[in-house]
Amino acid sequence: MYKAKAYSADSATSPLASTQIPRRNTTERDVQIEILFCGICHSDLHQVRNEWSHIMPTVYPIVPGHEIVGRVTGIGAEVKRFKPGDMVGVGCLVDSDHTCPSCRNNLEQFCPNMTLTYNSPDKHLGGVTYGGYSESIVVDEHFVLHIPANLDLAGVAPLLCAGITTYSPIRRWGDIKGKKVGVVGLGGLGHMGVKFARAFGAHVVVFTRSPGKKEDALRLGAQEVIISTDPEEMQKAAGTFDFILDTVAADHDINAYINMLGGDGNITLVGAPETPLAVSAFALLFGRRSLSGSLIGGLKETQEMLDFCGQHDITADVEVISIQQVNEAYERLANSDVKYRFSIDMASLKAE
C-alpha cells in the first residue's frame, strides 16, 4: 500500500479539500496509472452531497471521479494489454465478479457484484473505493481502456461516462443513418448525443427549452432545433421521429416526447430524474412505441466507443480547470453554468 494525494469531502456540506488516501500496490493483474485529467460528472455532485441517499448512500470521506485519463506507470506480472507509458482511461467501474451472465455477455455494468470507481466496497483495502480526483489509481487491467493517440486528453476524460452513456443506446438501437433522431437537452450528456448521432449519419434534432442554445446545437452537429416550450413547434414535429435520446435529469413531461415518435419509435432515458415520470399508456400503445433506459456500457462497448471517437475525431467540449477550482466548479455545475463538461488538469494537484 502507498499514499496518494487527492481531494475529498468529509460530509454532505463540507467542501472538497486536499488529503491523502491509500492505494494498493499492483497485484499480478493490476495497472497503476498516473492520472492526468479527470472529468467532473453531475453524479459526482449528487454523491458528494448525498443526494442519492435512498439509492446509494455516500460513505465519507468521499473521493469522486470516474472519468479518468492517465499514463501507465506500472503493471503486474500477468498484464499483457498495457505497458508503462501507454495512455489509458478508466470509467465508472473498476471490478466485477467476471463470472455472472452479465459479465460473460460483456455487460459488466449490470453485474450484481460490480465495484464502482468510487463509493463502492473496496475488496482489496477495505472501506470504499476512491475515485479520480487523485494523483494515481490502481485498477484491474480488464477495466482499463486504450485511448486513441490523436485525441485531446482533456476532452477524452468525459467520454468515459458521458460518452459511453450516450453512445451505447444510439449504437444499440440499430442503423440510424438517414433516420430522424432527437436529443432532449443540450448539456454534458446531450452535447455528446448530438455528436454521436451526427457521426452515425442521422438527421439530428435537438429539443431544448432555451432558444439561446440553438446556435450551439447547430455548431455541435444538429440540423434542427425545436423549442420544447413552443406548442406549435412541438405539434408540427409530432409523430416524425425514429429514435429520441432523453438526457434530462429533472422532472419533465415524458409524454410530450413519446408523442414525437413515429410507428415503432423508441425513446431511451439516460437522464435520471429523482421522482418517477408519469407515462401515458395510450401514448405508447398507439404507434407501438417503446420507452427504455440505458446505463453506461460494458468494457468491450466502451473501447468500441473510444475507437469510434478516434476515427471521427470526437471529444467532449470541456472547460479545463485546476483541482483548486473544484468547489467553484461544483457550484457552477449546480447552476448549469458549463459548456459542456469540466475536466480537471490533475497536474495542479502536485502544487498541494
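See the structure printed just above.
Predicted, not measured: the structure shown is a model, and the values here were computed from it.

K.L.:
Honestly, the nonpolar core in this entry has me stumped. Any pointers?
P.N.:
One recurring pattern in soluble globular proteins: nonpolar side chains tend to sit buried together. Ile40, Tyr133 and Phe196 are the most contacted members of the largest nonpolar core, which totals 90 residues. Ile244, Ile254, Tyr257 and Leu261 belong to the second largest nonpolar core, which has 16 residues in total.

K.L.:
Is there a simple way to explain the sheet that holds strand E11 (residues 203-208) in this structure?
P.N.:
Pairing between sheet strands relies on hydrogen bonds along the backbone, with the strands arranged either parallel or antiparallel. If you walk across this open sheet you meet the six strands as E12-E11-E10-E13-E14-E15, and the pairing is parallel. Single-partner strands in this sheet number two, and they are strand E12 (224-227) and strand E15 (290-293). In this sheet, adjacent strand axes meet at a mean angle of 20° when their direction is disregarded. Inspection of the sheet shows E11 paired to E12 by four bridges, in the parallel sense. Across the sheet, the residue bridging to Val206 is Val225, located in E12.

K.L.:
Explanation requested: the side chain of Arg289 in the structure shown.
P.N.:
Relative to the helices and strands, Arg289 is located in the loop between helix H9 (281-285) and E15. It is Asp264 that comes nearest to the buried, bridge-free Arg289 among opposite-charge side chains, at 9.3 Å. Separated by 3.4 Å, the side chain of Arg289 and the backbone oxygen of Phe286 make a polar contact. Every residue in contact with Arg289, bar those within four places of it in the chain, is listed here: Gly239, Ile258, Asn259, Leu261, Gly262, Gly265, Ala283 and Leu284.

K.L.:
Any chance you could explain the environment of His54 here in plain terms?
P.N.:
Inspection of the secondary structure puts His54 in the loop between helix H1 (42-48) and strand E4 (68-75). Given the relative accessible area of 55%, His54 is considered exposed. Counting along the chain gives 233 residues from His54 to Gly287, while the straight-line C-alpha distance between them is 36 Å.

K.L.:
Explain unusual backbone geometry to me, please; I cannot follow it from the model alone.
P.N.:
A negative phi angle characterises most non-glycine residues, just as the trans form characterises most peptide bonds. Along the chain, Tyr60 connects to Pro61 via a cis peptide bond; the corresponding omega equals 0°. The topology assignment puts Pro61 in the loop between H1 and E4. Here the amide bond leading from Lys339 into Tyr340 is cis, since omega sits at -5°, within 30 degrees of zero. Along the chain, Tyr340 falls in the loop between helix H11 (326-334) and strand E17 (341-345). For Asn119, which is not glycine, the phi dihedral falls at a positive 60°. By the secondary structure assignment, Asn119 is in the loop between strand E7 (115-116) and strand E8 (136-140). Positioned with a positive phi, Arg288 is a non-glycine residue whose angle comes to about 50°.

K.L.:
Looking at this structure, how should I read the environment of Arg29?
P.N.:
Tracing the backbone shows Arg29 in the loop between strand E2 (17-23) and strand E3 (30-40). Residue classification places Arg29 among the partly exposed residues on the basis of a relative accessible area of 42%. Spatially, the C-alpha atoms of Arg29 and Gly76 are 5.2 Å apart, while their sequence positions differ by 47 residues. Polar contacts involving the side chain of Arg29 include one to the side chain of Asp140, which spans 3.0 Å.

K.L.:
Sorry, what's going on with the pairing of strand E5 (residues 87-90) here?
P.N.:
A regular strand carries its side chains on alternate faces of the sheet. Pairing analysis gives four bridges linking E4 to E5, with the strands arranged antiparallel. The partner of Gly70 across the bridge, within E5, is Val88. The pairing of E5 with strand E9 (residues 145-146) spans two bridges and is antiparallel. Paired with Gly89 across the two strands is Leu145, which belongs to E9.

What counts, and where the lines are drawn
Numbers given for residues are sequential positions, taken from 1 along each chain in its written order. Per-residue local features of the predicted model are confined to residues with pLDDT of at least 70, and side-chain atom pairs are confined, for both listing and counting, to 80 or more; whole-chain, interface and lining totals are unaffected and use all residues. To obtain the side-chain values, all non-hydrogen atoms of the structure were used and water was disregarded. For our purposes a nonpolar core is just a set of buried Ala, Val, Leu, Ile, Met, Phe, Trp, Tyr and Cys residues, chained together by side-chain atoms within 4.5 Å. Only protein chains enter the accessibility calculation, which uses a 1.4 Å probe; a residue is then buried when its area is under 20% of its type maximum, exposed when over 50%, and partly exposed in between. Here, a strand pair is defined by DSSP locating no fewer than two bridges between the strands. A helix here means a DSSP run of H or I that spans at least four residues, while a strand means a run of E at least two residues long, and both kinds are numbered starting from the N terminus. Between the N-to-C directions of two axes lies an angle of 0 to 180 degrees, each axis being a line fitted to C-alpha atoms and, for a helix, fitted only over the stretch in contact. The convention is simple: Lys and Arg are positive, Asp and Glu are negative, and His and the chain ends are not counted. The salt bridge definition used is simple: a Lys or Arg side-chain nitrogen within 4 Å of an Asp or Glu carboxyl oxygen. Any pair of nitrogen or oxygen atoms within 3.5 Å is treated as a polar contact; in protein, a donor-acceptor pairing is required on top of that, and neighbouring residues in sequence qualify only through side-chain atoms on both sides. By the convention used here, residues are in contact when the closest approach between their heavy atoms is within 4.5 Å.

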